[in-house]
Amino acid sequence: MTEVKAGSCAVVIVAAGSGQRLGYGVPKARVPLAGQPMVLLAIRGVIKTGVAAQICVAIPPDDPQLLTICQSAAAEAQAKGIVFSVVEGGAERSDSVAAALASVAEGVTTIMIHDAARPLTPSGVFNRVAAALRDGAKAVIPALAVVDTIKTVAPATLPATGAGVEKVVGTPARSVLRAVQTPQGFDLDTLRQAHAHALTLSDDELAAITDDAMLVEALGEEVFVVQGSTHSLKITSPTDLLVAEALLEGPLRPRWIEG
Ligand code: CTP
Ligand code: MG
């Protein structure tokens, strides 16, 4: 088992999704952004933060091109003394996280799980998560206040025609809502416990779990929130790709600077 300095932080980059909604025809991690594959930008972004003693990237099985891209970043990581590994991801995001958890080096005590699909996340966000972990949080997520009013809905039918629609069943107060991003940071033992607990959940319960923090919430552990960033946008649809390009090298770059 690889070893790092006791008390170190590992960063997992999950990059094993297929990118259906982006519809680019290749796994999202390979989609170019300002000429660089998204996963490479994400890896370089993590190296730059200085928080990671280990970086583990989960990629789709049987994607030699993506493996080569990741390996090209290995030397950059190793030059900074960072242990670098690549694992095969799974069918669901949580499977990809679980695969990476199995390769965490001896000495690691905290871990951040980060989406390759958020390649522009500023160092400041990683630093805020790391600081909260140092201050004793066992789980930390970066988040932003939501700008839209959010409603909960249920299936319904229109009175005159019976046409199937949805109707509003509630409007949570916007002031207490947050849109959650990555990297999500955890005490390693707590995240391992949360993943072990997940094995006891039903398929329906598992399907409702959309991030790592929810698994920790299910343990009854407190999850703390730090300020996220608009630059941490998750590239999901083609519009997001346009915004990310504009942030990186387009018209937004000089006038939109946020940590
Ligand atoms: N992810 C993963 N393993 C999976 C599914 C997702 O590692 N089985 C990763 C993605 O690569 C991405 C992050 O989780 O970095 C967030 O997922 P999402 O934005 O949904 O990416 P995709 O699943 O690739 O996109 P889509 O849902 O549109 O297919
Ligand atoms: Mg997905």
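Placed above this text is the structure.
Here we summarise the structure given alongside this text. Quantities reported herein were computed from a predicted structural model and do not represent experimental measurements.

Attention shifts here to helix 1 (residues 38-49). The terminal C-alpha atoms of helix 1 lie 17 Å apart, and with twelve residues this matches the ideal 16 Å at 1.5 Å per residue to within 8%. For helix 1, a buried count of ten out of twelve residues is recorded, marking the element as mostly surrounded by other parts of the structure. All of the buried residues along helix 1 are Met38, Val39, Leu40, Leu41, Ala42, Ile43, Gly45, Val46, Ile47 and Thr49. Positive backbone phi, approximately 75°, marks Gly50, located one or two places after helix 1.

All right, on to the packing of helix 1 against helix 4 (residues 123-134) then. The description of two helices packed together rests on the angle between their axes and the distance between the axes. The geometry of helix 1 relative to helix 4 is characterised by a closest axis approach of 9 Å and an angle of 55° between their N-to-C directions. Judged on the interaxial angle alone, helix 4 and helix 1 are oblique. Crossing of helix 1 over helix 4 shows right-handed handedness. Between helix 1, through Val46, Lys48 and Thr49, and helix 4, the contact on the second element is made entirely by Ser123, Phe126 and Asn127. Looking at side-chain class alone, the contact of helix 1 with helix 4 contains two nonpolar, three polar and one charged residues.

Our next topic: the site of ligand 1. Within the structure, ligand 1 sits among 18 residues, and Val14, Gly19, Gln20, Arg21 and Ser96 are positioned closest to it. Within the side chain of Lys28, one N or O atom sits 2.9 Å away from an oxygen atom of ligand 1. Taking Ala91, its main chain carries an N or O atom lying 3.0 Å from a nitrogen atom of ligand 1. Against a free-state accessible area of 560 Å², the protein chains account for coverage of 87% of ligand 1. Taken together, the residues of the shell around ligand 1 break down into six nonpolar, six polar and six charged.

Let us look at unusual backbone geometry. Residue Pro183 follows Thr182 across a cis peptide bond; omega there is 10°. Here Pro183 lies in the loop between strand 10 (178-180) and strand 11 (184-187). Even without a glycine there, the phi angle at Ala34 is positive, about 50°. Mapping Ala34 onto the fold places it in the loop between strand 2 (32-33) and strand 3 (36-37). Phi is positive for Asp62, which is not a glycine, with a value near 60°. Its location among the elements puts Asp62 in the loop between strand 4 (54-59) and helix 2 (64-79).

Here we come to the nonpolar core. Counting 34 residues, the largest nonpolar core has Ile13, Val39, Ile43, Ile55, Val57 and Phe84 as the members making the most contacts within it. At the level of secondary structure, the elements contributing two or more residues to this core comprise strand 1 (3-14), helix 1, strand 4, helix 2 and helix 4. Aside from chain neighbours lying at most four places away, what touches Val39 is Ala15, Ala29, Val57, Leu66, Ile69, Cys70 and Ala116. Residues Ala10, Ala58, Val104 and Phe186 belong to the second largest nonpolar core, which totals 24 residues.

Two elements in contact, helix 3 (residues 93-101) and helix 5 (residues 188-198), have axes separated by 11 Å at closest approach and are oriented at 130°. Judged by the angle between their axes, helix 3 and helix 5 are oblique. Crossing geometry of helix 3 relative to helix 5 is assigned as left-handed. In this structure, helix 3 uses Ser94, Val97, Ala98 and Leu101 to contact helix 5, whose residues at the interface are Leu188, Leu191, Arg192 and His195. Each residue belonging to the contact of helix 3 with helix 5 can be placed in one class, and the counts come to five nonpolar, two polar and one charged.

Along any regular strand, the residues point their side chains to alternate faces of the sheet. By the criterion of burial, strand 7 (residues 139-145) is predominantly enclosed, with six of the seven residues buried. As judged from the two bridges shared by strand 7 and strand 11, these two strands associate in the antiparallel manner. Paired with Ala139 across the strands is Phe186, a residue of strand 11. Both strand 7 and strand 12 (residues 224-227) contribute to a ladder of four bridges, which runs parallel. For Val140, the partnering residue across the bridge sits in strand 12 and is Phe224. In terms of strand pairing, strand 7 meets strand 10 through three bridges, oriented antiparallel. Directly across from Ala143, in strand 10, lies its bridge partner Val180.

Reading the values: rules and limits
Residues numbered from 1 in each chain as written. Chains lettered and ligands numbered in written order. Predicted model: local features only at pLDDT ≥ 70, side-chain atom pairs only at ≥ 80, totals over all residues. Heavy atoms only, no water. Helix = DSSP H or I, 4+ residues; strand = E, 2+ residues; numbered from the N terminus. Expected span 1.5 Å × (residues − 1). Buried < 20%, exposed > 50% of the residue type's maximum accessible area, 1.4 Å probe, protein only. Axes fitted to C-alpha atoms, helices over the stretch in contact; angles between N-to-C directions. Parallel < 35°, antiparallel > 145°, perpendicular 65-115°, else oblique. Left-handed = near helix turned anticlockwise from the far one by under 90°. Contact = heavy atoms within 4.5 Å. Nonpolar A, V, L, I, M, F, W, Y, C, P; charged D, E, K, R; others polar. Near = heavy atom within 4 Å. Polar contact = N/O pair within 3.5 Å; in protein donor to acceptor, adjacent residues only side chain to side chain. Areas by Shrake-Rupley, 256 points an atom, 1.4 Å probe, with all protein chains shown as cover. Core = buried A, V, L, I, M, F, W, Y, C linked by side-chain atoms within 4.5 Å. Pairing = 2+ DSSP bridges.

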